[in-house]
Amino acid sequence: MKFIYTIIIFCVATTLHAQENEMPIQISAQNSTVKAYFKDNHKPDTLLLKMNKKEEGKLVIMYANTKSENNLKRYFTITDKNNQPLKLFFLSRIVGITHILLNDFFKQAQAGNFYNLYCTISTEDGKETKQFLLCTIKLNK
């Protein structure tokens, strides 16, 4: 019986370790959440938002593995359909959690359009840089 418990514990520990290495990035706003991964073959989800220029909420990006990857820098950008970045300032007061104010985003955006949320990751020395499309944002009226 102890052997069976040992095997079960080993399987659970292995599963948790594998999931830890593949922790998704969670992007949330207006009670909607999508998950993204830092992978080249990741098919991005679409975050649906309702346009409201008086919105006082935030678009929050949470990534749990940030503390274990302290030699990397992350920069977030939202681009329009012409791949031009919007002038947004992403705030990060807690390691692994970044946000922007939705009213700042809505002031520059137009209802009915799609926007892309990118993350650019670079090493501290800046020698390696890679950009990932995390999700698409659809603004409804």
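Read on for an overview of the structure.

Scoring rules and cut-offs
Residues numbered from 1 in each chain as written. Predicted model: local features only at pLDDT ≥ 70, side-chain atom pairs only at ≥ 80, totals over all residues. Heavy atoms only, no water. Pairing = 2+ DSSP bridges. Helix = DSSP H or I, 4+ residues; strand = E, 2+ residues; numbered from the N terminus. Axes fitted to C-alpha atoms, helices over the stretch in contact; angles between N-to-C directions.

### A look at the sheet that holds strand β8 (residues 114-123)
Strands sit in the order β3-β9-β8-β5 across an open sheet of four strands; the sheet is mixed. Strand pairing shows two members of the sheet lacking a second neighbour, β3 (45-50) and β5 (72-79), which therefore form its edges. Across this sheet, the average inter-strand angle for adjacent strands is 25°, counted without regard to direction. Note that β8 and strand β9 (residues 129-140) share nine bridges and pair antiparallel. Looking at β9, one finds that cysteine 119 is bridged to phenylalanine 132.

### Focus: unusual backbone geometry
Of note, asparagine 31 is a non-glycine position whose phi angle comes to about 60°, a positive value. Looking at the secondary structure, you find asparagine 31 in the loop between β1 (25-29) and β2 (32-36). At asparagine 83, a residue that is not glycine, the phi angle is positive and equals roughly 65°.

### Examining the pairing of strand β7 (residues 97-101)
When strand β4 (residues 58-63) meets β7, the two strands line up antiparallel, connected through five bridges. The residue bridging isoleucine 61 from the neighbouring strand is threonine 98, located in β7. Bridge count between strand β6 (residues 91-94) and β7: two bridges; the pairing is antiparallel. Across the sheet, the residue bridging to isoleucine 94 is isoleucine 97, located in β7. Counting the residues between successive antiparallel strands, the hairpin from β6 to β7 contains two residues, one of them, glycine 96, with a positive phi of roughly 95°.

### Some points on the sheet that holds β2
Taken in spatial order, the five strands line up as β2-β1-β4-β7-β6 in an open sheet, and their pairing is antiparallel. Each of the sheet's edge strands pairs with one partner strand only, and the pair in question is β2 and β6. Going from strand to strand, the sheet's axes swing by 20° on average, the running direction of each strand aside. Across four bridges, β1 lies against β4 in antiparallel orientation. Opposite isoleucine 27, over in β4, you have isoleucine 61 as the bridge partner.

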